[in-house]
Amino acid sequence: MTDLSTQLIHHAYRAPDGFDAVAPGVHKASTVFFPNVKALRTQDWKDKSGYTYGLHGTPTTFILEERIATIEGGRYCVLAPSGLSAVSLVDMAFLRQGDELLIPDNAYGPNKAFASVELKAWGIEHRYYDPMDPADLAAKITPATRLVWIEAPGSITLEFPDIPALVAVIRRANEGRSRPIISALDNTWGAGLAFGAFELGVDVSMQALTKYPSGGADVLMGSVVTADEDLHRQVLLTHMRLGLGVGANDAELVLRGLPTLTLRYQAQDAATRELATWMQTQPGVAQVLHPALAGSPGHEAWRRDARAAACLFSVVFEERFSQAQVDAFCDRLQLFRLGWSWAGPISLCAPYDVPAIRSATRWPHKGGLVRFAVGLEGEEDLKADLAQALSTMRSDG
Ligand SMILES: *Cc1c(COP(=O)(O)O)cnc(C)c1O
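Bear in mind the structure is a predicted one, so any value in this text is a computation, not a measurement.

**Side note on unusual backbone geometry**
No. 1: Look at the link from Ala152 to Pro153: it is a cis peptide, with omega at -5 degrees.
No. 2: Relative to the helices and strands, Pro153 resides in the loop between β4 (145-151) and α7 (163-174).
No. 3: Of note, Ala191 is a non-glycine position whose phi angle comes to about 55 degrees, a positive value.
No. 4: With respect to the secondary-structure elements, Ala191 resides in the loop between β5 (182-186) and β6 (204-208).
No. 5: Note on Ala191: relative accessible area 1%, which makes it buried.
No. 6: With a phi close to 80 degrees, Ser341 is a non-glycine residue in the positive phi region.
No. 7: Along the chain, Ser341 turns up in the loop between β10 (337-338) and β11 (348-352).

Shown next, in the form of structure tokens:
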């Protein structure tokens with residue numbers, strides 16, 4: 001080798017083995033080398049016994065997958081570039097033309113949009129069910145039903161469903177079926193900490209790692225965790241064919257968030273309950289929705305099945321406030337910023353038009369709704385911010 005470029009590309013130096021530190025290494029690759037042709041022909045990537053191509057996993061992504069599977073109490077995990085791509089991966093892994101999909105009426109909006117546009121165009125029908133009524137789920141299952149999404153609690157309105165009852169409906173329907181119905185939980189809210197998805201009987205647990213596991217509001221990622229090897233295989237092969245993968249730097253960011261995951265979850269849980277309870281006492285507030293509050297829909301199921309709650313609560317204002325006043329309330333908040341997502345360091349809020357996003361259930365409220373996501377700021381500062389915006393709203397109303 002005389003050419004400097006060749007020398008640099010094929011450099012002989014190897015750093016010694018045995019480097020050990022807190023953070024796992026960040027391994028980046030498209031190409032992965034094989035020692036010989038036999039290895040190139042035979043190396044299998046599916047059982048994580050080795051490496052074949054960056055898209056099929058590197059030490060960094062394997063480590064993150066194992067840790068997410070552990071958090072969720074499952075056995076297998078695949079990573080996707082966003083929470084939403086993890087949702088669509090589950091749909092595409094299990095649904096074929098002619099199949100039917102059932103989605104809770106209060107589900108994460110883009111989950112519904114993927115079904116109503118993309119899946120529909122491929123000949124896969126979907127229907128919405130009332131997640132608070134297992135009998136409604138039972139009534140909507142047909143011989144073509146193949147997949148049922150569950151979300152606990154619902155994205156904006158935070159009703160906590162009776163997961164074991166929904167799973168029991170699916171298991172009953174599966175008696176004697178050759179292609180059993182699969183249950184998939186969007187477990188972003190619970191993050192694997194509030195309750196064990198597999199203990200409650202679901203088949204597949206999907207998460208937006210964008211939220212708690214990252215915790216930084218600076219990375220997008222999703223995961224699909226399974227306990228059953230056959231289900232994992234289906235997800236893994238669809239994942240490979242779709243060409244889904246995550247970058248090592250993004251995996252590194254999520255790995256960096258995991259050691260503080262339980263501490264952040266607990267701290268945000270405590271602050272959220274405090275603020276939600278306080279909001280309930282404020283004039284002008286019709287109802288506060290949070291599964292840990294008595295009277296919030298699904299509170300009993302949450303108490304029985306969960307041991308913690310995430311950083312979200314929603315406030316329904318009294319009817320006397322117009323949507324313009326509710327919007328002005330949001331604009332007036334200083335610490336609660338306007339924006340999507342949650343579980344990052346900064347508190348967020350956003351108004352929602354709930355009747356516009358419901359089709360299978362009746363929304364009982366007339367006043368405007370604002371969803372709050374509590375960050376890691378001081379609780380008293382957040383309360384003072386809410387108080388100033390509320391007080392201006394009331395004096396305007
Ligand atoms: C945020 C979120 C998702 C999607 O995650 P992205 O990474 O933003 O695509 C899915 N489900 C729920 C419940 C979420 O809150």
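Further notes follow.
**Observations concerning the sheet that holds β11**
No. 1: Here five strands make up an open sheet; going across it, the order is β8-β9-β12-β11-β10 and the pairing mixed. Of all the strands in the sheet, the pair left with one neighbour each is β8 (285-289) and β10.
No. 2: In the sheet, β10 pairs with β11 via two bridges, with the strands oriented parallel. Of the residues in β11, the one forming a bridge with Leu338 is Cys349.
No. 3: Along the sheet, helix α12 (residues 323-332) makes contact with β9 (312-317), β10, β11 and β12 (369-373), crossing β11 at roughly 170 degrees.

**Remarks on the site of the ligand**
No. 1: Around the ligand there are 14 residues in total, and Gly83, Leu84, Asp186, Thr210 and Lys211 lie nearest to it.
No. 2: Measuring from an oxygen atom of the ligand, one finds a backbone N or O atom of Leu84 at 2.8 Å.
No. 3: Protein contact buries 89% of the 380 Å² of open area that the ligand shows by itself.
No. 4: Here the ligand occupies the largest pocket.
No. 5: Counting only elements with at least two residues in the shell around the ligand, the list comes to α4 (83-94) and β6.
No. 6: Looking at the shell around the ligand residue by residue, the classes come out as six nonpolar, five polar and three charged.

**Here we look at the domain arrangement of the chain**
No. 1: For the chain, the domain assignment lists domain 1 (37-259) and domain 2 (261-396).
No. 2: Taken together, the contacts link 41 residues of domain 1 with 37 residues of domain 2.
No. 3: When the area that domain 1 buries against domain 2 is broken down by residue, the three leading residues are Ile156, Trp189 and Tyr212, summing to 25%.
No. 4: The interface formed by domain 1 and domain 2 includes two salt bridges.
No. 5: The tally of links from domain 1 across to domain 2 stands at 18 residue pairs in polar contact (both at pLDDT 80 or more).
No. 6: Breaking the side of domain 1 that touches domain 2 down by element, the ones donating at least two residues are β3 (125-129) and α7.
No. 7: The class makeup of the residues in the side of domain 1 that touches domain 2 is 22 nonpolar, eleven polar and eight charged.

**Digging into α7**
At 3.6 residues per turn, the α-helix brings residues three or four places apart onto the same side.
No. 1: A rise of 1.5 Å per residue sets the reference length of α7, with its twelve residues, at 16 Å; its end C-alpha atoms lie 16 Å apart and thus fit the reference within 8%.
No. 2: Against the buried residues of α7 lie β3, α6 (134-140), β4, β5 and α11 (299-305).
No. 3: Gly176, located one to two residues past α7, shows a positive phi value of around 85 degrees.

**Considerations on the side chain of Arg264**
No. 1: Looking at the element boundaries, Arg264 is found in helix α10 (residues 261-280).
No. 2: For the buried residue Arg264, which engages in no salt bridge, the nearest side chain bearing the opposite charge is Asp218, 9.6 Å off.
No. 3: If near-sequence neighbours (up to four positions away) are discounted, Arg264 is found in contact with Tyr212, Pro213, Ser214, Gly215, Gly257, Ala343 and Leu376.

**Remarks on the packing of aromatic side chains**
No. 1: One pass over the full model with this rule turns up twelve aromatic pairs.
No. 2: Ring centres 5.8 Å apart and planes at 90 degrees place the aromatic pair Phe160 and Phe195 in the edge-to-face group. With Phe160 in the loop between β4 and α7 and Phe195 in the loop between β5 and β6, this pair connects stretches of sequence that are 35 residues apart. Each member of the pair, Phe160 as well as Phe195, is classed as buried.
No. 3: Judged by centre distance (6.2 Å) and plane angle (85 degrees), the rings of Phe329 and Phe372 are edge-to-face.

Reading the values: the criteria
Residues numbered from 1 in each chain as written. Predicted model: local features only at pLDDT ≥ 70, side-chain atom pairs only at ≥ 80, totals over all residues. Heavy atoms only, no water. Helix = DSSP H or I, 4+ residues; strand = E, 2+ residues; numbered from the N terminus. Buried < 20%, exposed > 50% of the residue type's maximum accessible area, 1.4 Å probe, protein only. Pairing = 2+ DSSP bridges. Contact = heavy atoms within 4.5 Å. Axes fitted to C-alpha atoms, helices over the stretch in contact; angles between N-to-C directions. Near = heavy atom within 4 Å. Polar contact = N/O pair within 3.5 Å; in protein donor to acceptor, adjacent residues only side chain to side chain. Areas by Shrake-Rupley, 256 points an atom, 1.4 Å probe, with all protein chains shown as cover. 1 Å grid on protein atoms, 1.4 Å probe; cavity = no way out; pocket = protein on both sides within 12 Å on 5 of 7 lines; lining within 4 Å. Sits in = over half its atoms within 2 Å of the grid points. Nonpolar A, V, L, I, M, F, W, Y, C, P; charged D, E, K, R; others polar. Domains from an automatic or database assignment. Buried area = accessible area lost by both parts, 1.4 Å probe. Salt bridge = Lys/Arg side-chain N within 4 Å of Asp/Glu carboxyl O. Expected span 1.5 Å × (residues − 1). Lys, Arg positive; Asp, Glu negative; His and termini not counted. Phe/Tyr/Trp six-rings, centres within 6.5 Å; stacked < 30°, edge-to-face > 60°.

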